[in-house]
Amino acid sequence: EAETERMRANLLRAISHDLRTPLTAISGSAITLLENDNLPDWQKKKLLGSINDDAEWLIRMVENLLSVTRIGLESARIEKQDEVAEEVIFSAISKFKAHFPGVAVTPQLPESVMLVPMDPVLIQQVLTNLLENSARHGGATEITVSLARQGNVAVFTVQDNGTGIVRERLPHLFDGIGFLPEKNGVGGRSQMGIGLSVCAAIIKAHGGEIKAESRLCEGTTIRFWLETEEVDTEETEDEQ
């Protein structure tokens with residue numbers, strides 16, 4: 001109960017911060033457009049671009065909030081069904097590339113199809129959050145998304161070549177306390193880490209585990225584990 005209450009408090013603090021900043025920017029840009037009829041076209045386009053960027057930021061925030069609402073902040077039971085993990089990964093990459101076409105994403109997937117019990121919408125949200133954090137707050141230009149099987153566990157890994165995270169922040173990476181220093185935020189905005197808090201809540205609701213490793217100037221690696229059906233080793237050897 002104490003852990004749940006702490007997570008709820010951190011998420012509320014992060015939400016209030018992350019919603020206020022883009023809303024203030026949208027309001028300021030809109031007022032400038034309304035009160036200045038003689039603005040040059042290039043300035044109008046710049047202001048409209050800023051409004052669009054902040055609106056997309058808010059859309060991603062709402063998606064995260066809907067995910068939290070869906071699973072609850074307590075040990076909620078979610079409906080899991082066998083899903084092709086590779087398809088979920090490709091869906092997340094496709095969604096990410098639409099917003100970050102300049103970032104190279106390399107999938108490293110097993111040769112055989114891997115079925116993993118999950119809520120595909122929520123796991124896609126986890127992967128999307130991790131990809132966007134790497135690009136938006138880590139400054140990554142190259143990201144690798146890999147999938148591997150370890151016994152009866154599916155291991156998802158998102159590894160980037162970004163700026164990395166200071167060691168002191170790693171223990172609090174998934175509890176909403178913070179992600180990266182403000183100077184790494186887009187447009188001067190800081191990110192309180194709600195996306196990563198949502199990731200932790202979703203993986204916990206799946207009965208899995210999520211961890212991060214990072215080195216400054218070298219990049220960050222985030223892995224999460226989901227239980228799957230154990231592979232029959234003898235059958236696999238026979239097929240080979």
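Residues numbered from 1 in each chain as written. Predicted model: local features only at pLDDT ≥ 70, side-chain atom pairs only at ≥ 80, totals over all residues. Heavy atoms only, no water.

1. Quick word on the confidence of the model for the chain
Chain-level statistics for the chain give a pLDDT mean of 82 and a share of 77% at 70 or above. Across residues 178–192, where pLDDT falls below 50, the model places 42 contacts with residues more than four positions away in sequence or in other chains. Here residues 233–240 is a poorly scored stretch, pLDDT under 50, and it has one contact once near neighbours within four places are set aside; other chains count. (pLDDT = per-residue confidence, 0-100. Contact = heavy atoms within 4.5 Å.)

2. A word on the packing of aromatic side chains
Considering all chains together, one arrives at two aromatic pairs under this definition. Ring geometry for F96 versus F100: centroids 5.0 Å apart, planes at 15°, classification stacked. Judged by its relative accessible area of 15%, F100 is buried. Arranged with centres 4.7 Å apart and planes meeting at 5°, the rings of F156 and F224 form a pair that is stacked. You can see F156 sitting in strand β5 (residues 153–160) and its partner F224 sitting in strand β7 (residues 219–227), a full 68 residues away along the chain. The class for F156 is buried, based on a relative accessible area of 0%. (Phe/Tyr/Trp six-rings, centres within 6.5 Å; stacked < 30°, edge-to-face > 60°. Buried < 20%, exposed > 50% of the residue type's maximum accessible area, 1.4 Å probe, protein only. Helix = DSSP H or I, 4+ residues; strand = E, 2+ residues; numbered from the N terminus.)

3. Things to note about the packing of helix α3 (residues 85–99) against helix α4 (residues 120–136)
Two elements in contact, α3 and α4, have axes separated by 9 Å at closest approach and are oriented at 40°. The angle between α3 and α4 falls in the class oblique. Judged by the twist between their axes, the crossing of α3 over α4 is right-handed. Residues V88, I89, S91, A92, I93, K95, F96 and H99 of α3 form the contact with α4, whose own contacting residues are P120, I123, Q124, Q125, L127, T128, L131, E132 and A135. Per-class residue counts for the contact of α3 with α4 are ten nonpolar, five polar and two charged. (Axes fitted to C-alpha atoms, helices over the stretch in contact; angles between N-to-C directions. Parallel < 35°, antiparallel > 145°, perpendicular 65-115°, else oblique. Left-handed = near helix turned anticlockwise from the far one by under 90°. Nonpolar A, V, L, I, M, F, W, Y, C, P; charged D, E, K, R; others polar.)

4. Let's talk about the sheet that holds β7
In space, the five strands of this open sheet follow the order β2-β4-β5-β7-β6, with mixed pairing throughout. At either margin of the open sheet sits one strand with a lone partner, and together these are β2 (104–108) and β6 (209–215). Between one strand and the next, the sheet's axes are offset by a mean angle of 15°, whatever the strand orientation. Running at roughly 175° to β7, α4 makes contact with β2, β4 (142–150), β5 and β7 of the sheet. (Pairing = 2+ DSSP bridges.)

5. Re the pattern of salt bridges
Following the criterion strictly, the structure yields two salt bridges and no others. Residue K211 is joined to E209 by a salt bridge in which the shortest nitrogen-to-oxygen separation is 3.3 Å. One salt bridge connects R223 with E213, and the closest N-O pair in it is separated by 3.7 Å. Here the residue R223 occupies a position in strand β7, and E213 occupies one in strand β6, the gap between them amounting to ten residues. Judged by relative accessible area, R223 falls into the partly exposed class, the value being 29%. (Salt bridge = Lys/Arg side-chain N within 4 Å of Asp/Glu carboxyl O.)

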